[in-house]
Amino acid sequence: MTHNILLPGGGGPAAIGAIKSLRMIDFKGKIVTTDANPLSSGFYLADKYYVLPRVDDPNFFDKALDVIEKEEIDVIFPTSGFDILAYSKNKKILEEKGVSVIISDLDVIELCMDKWNFYEKTKDRFNLPYSTLTSDGVEFPCFIKPIRGKGSRNTFLCEDLRDLDYYLSKHSDLIIQEYLPAEEYTIDVVADLEGKALVAVPRLRIETKAGISSKGRIVKDEEIQKACLKMSEFLNIKGPSCMQMKLGKDGKPAFVEVNPRMGGGTVFATLAGVNIPKILIDLIDNKSVGEMEFQEITVLRYFNEVVVSDK
């Protein structure tokens, strides 16, 4: 079956990676991207693109629906952390129009977006860094970041109480977490449309730029893979997710956050043998996805230019 796929967030690395992954399987359908920024690189890799209002604009979903109807979209993949809430809130409307929205339920997305509620929900079942909302009894160094936020914006390492008090005075709604000093992993996870976890592909983050992996090593780690599959099912995530883990002083991996969408480095998993967009299409078409094996590889990223004519 041929599909017309919408990839929101056309300027982000997750959408660009999804387009690359689809091109690798010689995808025969139409790929449409949307974004609020008219200079989004993913626009020029897709078949069609549209500039939409920002997601906080009251006209956002109506404009998105116009694109969906005009381009006869029948599949939406979650790649942008900005608009997954809007698509999840309107999932029933879209499904009534025959659109497969590969997005987790609204309560799951809201839980994952709130780092404190996520901590409270999962701390008794999974290994997480100790977290708190006050400076009482905090051990240093510690790490602070917004309770609701994306990437590395307003995240700080505090060496002592003076650092902590300074940042707490400058920013509101921060969560304080135990500092985990060792390696960091991003794990791309796929669950089926009923929430059964299928595969987890860990990637050691060798180098990052602006919170996005620029160098990564795909590794097989049974402990990490099992933990992520369990987390996915515990949260009832449907479709793709991107999980962050770090090793603590004891060498054990701990969950830092879970994003119920494709991550910026999901294409790394494709290059290792697990093409997540292809898996999702197979699930939509009720095809067997079979065993999903991946290779241990190292991937290096570099810039690629897109020239936009001023005419």
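Residues numbered from 1 in each chain as written. Predicted model: local features only at pLDDT ≥ 70, side-chain atom pairs only at ≥ 80, totals over all residues. Heavy atoms only, no water.

Moving on, we get to the overall build of the chain. Helices and strands together make up the secondary structure of the chain, namely ten helices and 15 strands. Against the compact-globule benchmark of 19 Å for 311 residues, the chain has a radius of gyration of 19 Å, which places it among compact chains. Summarising its shape, the C-alpha atoms of the chain cover approximately 55 × 45 × 40 Å along the three principal directions. Burial statistics for the chain: of 311 residues in total, 52% are counted as buried. Taking contacts inside the chain between residues at least 6 apart in sequence as the whole, the part at least 24 apart equals 62%. Summing over all exposed atoms, the chain offers an accessible surface of approximately 15500 Å²; the carbon and sulfur share of this is 47%. Across the chain, the 40 positively charged side chains and the 47 negatively charged ones have centroids separated by 3 Å. (Helix = DSSP H or I, 4+ residues; strand = E, 2+ residues; numbered from the N terminus. Rg over C-alpha atoms; globule rule 2.2 N^0.38 Å. Buried < 20%, exposed > 50% of the residue type's maximum accessible area, 1.4 Å probe, protein only. Contact = heavy atoms within 4.5 Å. Areas by Shrake-Rupley, 256 points an atom, 1.4 Å probe, with all protein chains shown as cover. Lys, Arg positive; Asp, Glu negative; His and termini not counted. Charge placed at Lys NZ, Arg CZ, Asp CG, Glu CD.)

Now for the sheet that holds strand β8 (residues 156–158). If you trace the four strands from one edge of the open sheet to the other, you get β6-β9-β7-β8, paired in antiparallel fashion. At either margin of the open sheet sits one strand with a lone partner, and together these are β6 (131–132) and β8. Its contacts with the sheet put helix α7 (residues 161–170) on β7 (142–146), β8 and β9 (174–178), and the angle it makes with β8 is roughly 145 degrees. (Pairing = 2+ DSSP bridges. Axes fitted to C-alpha atoms, helices over the stretch in contact; angles between N-to-C directions.)

A word on the packing of aromatic side chains. In total, this model carries nine aromatic pairs according to the counting rule given. Judged by centre distance (4.4 Å) and plane angle (10 degrees), the rings of Phe-43 and Tyr-49 are stacked. A relative accessible area of 1% means that Phe-43 is categorised as buried. Look at Tyr-49 and you get partly exposed, because its relative accessible area is 36%. For the ring pair Tyr-44 and Tyr-49, a centre distance of 5.3 Å and an interplane angle of 55 degrees mean the geometry is tilted. (Phe/Tyr/Trp six-rings, centres within 6.5 Å; stacked < 30°, edge-to-face > 60°.)

Turning to helix α8 (residues 222–235), a few remarks are in order. Between its first and last C-alpha atoms α8 spans 20 Å; for 14 residues at 1.5 Å apiece the expected length is 20 Å, and the two agree. Among the residues making up α8, those that are buried are Ile-224, Gln-225, Ala-227, Cys-228, Met-231, Ser-232 and Leu-235. Axial view of α8: buried residues confined to an arc of 165 degrees, hence all on one face. Turned more than 90 degrees away from the buried face of α8 sit Glu-222 and Lys-230, all of them exposed. (Expected span 1.5 Å × (residues − 1). Arc of directions from axis to C-beta.)

Glancing now at the pattern of salt bridges. Taken as a whole and judged by the stated rule, the model has 15 salt bridges. With a shortest N-O distance of 3.3 Å, Asp-47 and Arg-23 are connected by a salt bridge. Separated by 24 residues along the polypeptide, Asp-47 in the loop between β2 (30–35) and β3 (48–51) and Arg-23 in helix α1 (residues 13–24) bring together distant segments of the chain. The class of Asp-47 is partly exposed, set by a relative accessible area of 38%. On the basis of relative accessibility, which here comes to 36%, the residue Arg-23 falls in the partly exposed class. Arg-205 serves as the salt-bridge partner of Glu-184, at 3.7 Å between the closest nitrogen and oxygen. Taken together, the residues Glu-184 in strand β10 (residues 184–191) and Arg-205 in strand β11 (residues 197–209) connect sequence positions 21 residues apart. The class of Glu-184 is partly exposed, set by a relative accessible area of 28%. You can call Arg-205 buried: its relative accessible area is 16%. Where salt bridges share partners, they join Lys-30, Lys-48 and Glu-71 into one cluster. (Salt bridge = Lys/Arg side-chain N within 4 Å of Asp/Glu carboxyl O.)

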